[in-house]
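The residues making up each chain are set out below.
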Amino acid sequence: MYVTDPIADMLARIRNANMVYHESVDMPVSKAKLAIAKIMKEEGYIKNYRVINDPKLPYGILKLYLNYGPNKERVIQGLRRISKPGRRIYVKKDELPKVMSGLGTAVISTSQGMMTDSEARKLGLGGEVVCYIW
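Here we summarise the structure given alongside this text. Source: prediction; values computed, not measured. (Residues numbered from 1 in each chain as written. Predicted model: local features only at pLDDT ≥ 70, side-chain atom pairs only at ≥ 80, totals over all residues. Heavy atoms only, no water.)

## Quick look at the environment of Gly127
Relative to the elements of secondary structure, Gly127 occurs in strand 8 (residues 127-133). Residue class for Gly127 comes out buried when judged on its relative accessible area of 13%. Between the alpha carbons of Gly127 and Lys33 there is a distance of 17 Å; along the sequence they are 94 residues apart. Sequence-distant contacts of Gly127, defined by excluding residues within four places in its chain, comprise Ile89, Tyr90, Val91, Ile108 and Ser109. (Helix = DSSP H or I, 4+ residues; strand = E, 2+ residues; numbered from the N terminus. Buried < 20%, exposed > 50% of the residue type's maximum accessible area, 1.4 Å probe, protein only. Contact = heavy atoms within 4.5 Å.)

Set out below in structure tokens:
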């Protein structure tokens, strides 16, 4: 299956699975998706992630285990793709966004890899704003 914007597809799959309280969600794996999954795990938005290599499939599968509160509260309230293939959004180190006044996370693709807005701020790096998670 060919997808024009794989990161937007990933965020849509997570959003849809989160709305109906699924325990996990599967998607084709890529380096960018793995980096976003790592950030989501470090920030506590998902429990864990795993890469499954099935010899019957032409591509690997990234399996994300979603996180919910004790009374089924959603940890992920929202996901938004910011920089799209048709319109890339770049920011300088002084213009890094704060999501929900610092309560959310902005994923930034920098020259040193994907990282959160707070990490980029500490390292003094700008880059492409991939998505917001809150």
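## Some details on the environment of Asp26
The topology assignment puts Asp26 in strand 1 (residues 24-28). Excluding residues that lie within four positions of it along the chain, Asp26 makes contacts with Arg13, Ile61, Leu62 and Lys63. In terms of polar contacts, Asp26 uses its side chain to reach the side chain of Lys63, at 3.3 Å. (Polar contact = N/O pair within 3.5 Å; in protein donor to acceptor, adjacent residues only side chain to side chain.)

## Observations concerning helix 2 (residues 31-42)
For helix 2, spanning 12 residues, the distance from its first C-alpha to its last is 17 Å, which sits close to the expected 16 Å at 1.5 Å a residue. Looking at helix 2, one finds that the buried residues are Lys33, Ile36, Ala37, Ile39 and Met40. With its buried residues spanning 160° around the axis, helix 2 presents them on a single face. Gly44, located one to two residues past helix 2, shows a positive phi value of around 90°. (Expected span 1.5 Å × (residues − 1). Arc of directions from axis to C-beta.)

## As for the pattern of salt bridges
Under the definition given, this model contains seven salt bridges. Between Glu128 and Arg88 there is a salt bridge, with its nearest N and O atoms 3.1 Å apart. You can see Glu128 sitting in strand 8 and its partner Arg88 sitting in the loop between strand 4 (79-81) and strand 5 (90-91), a full 40 residues away along the chain. We classify Glu128 as buried; its relative accessible area is 14%. Asp117 is the partner of Arg121 in a salt bridge, and the nearest nitrogen-oxygen pair spans 3.9 Å. Of the two residues, Arg121 and Asp117 both sit in helix 3 (residues 117-123), four residues apart, roughly one turn of that helix. (Salt bridge = Lys/Arg side-chain N within 4 Å of Asp/Glu carboxyl O.)

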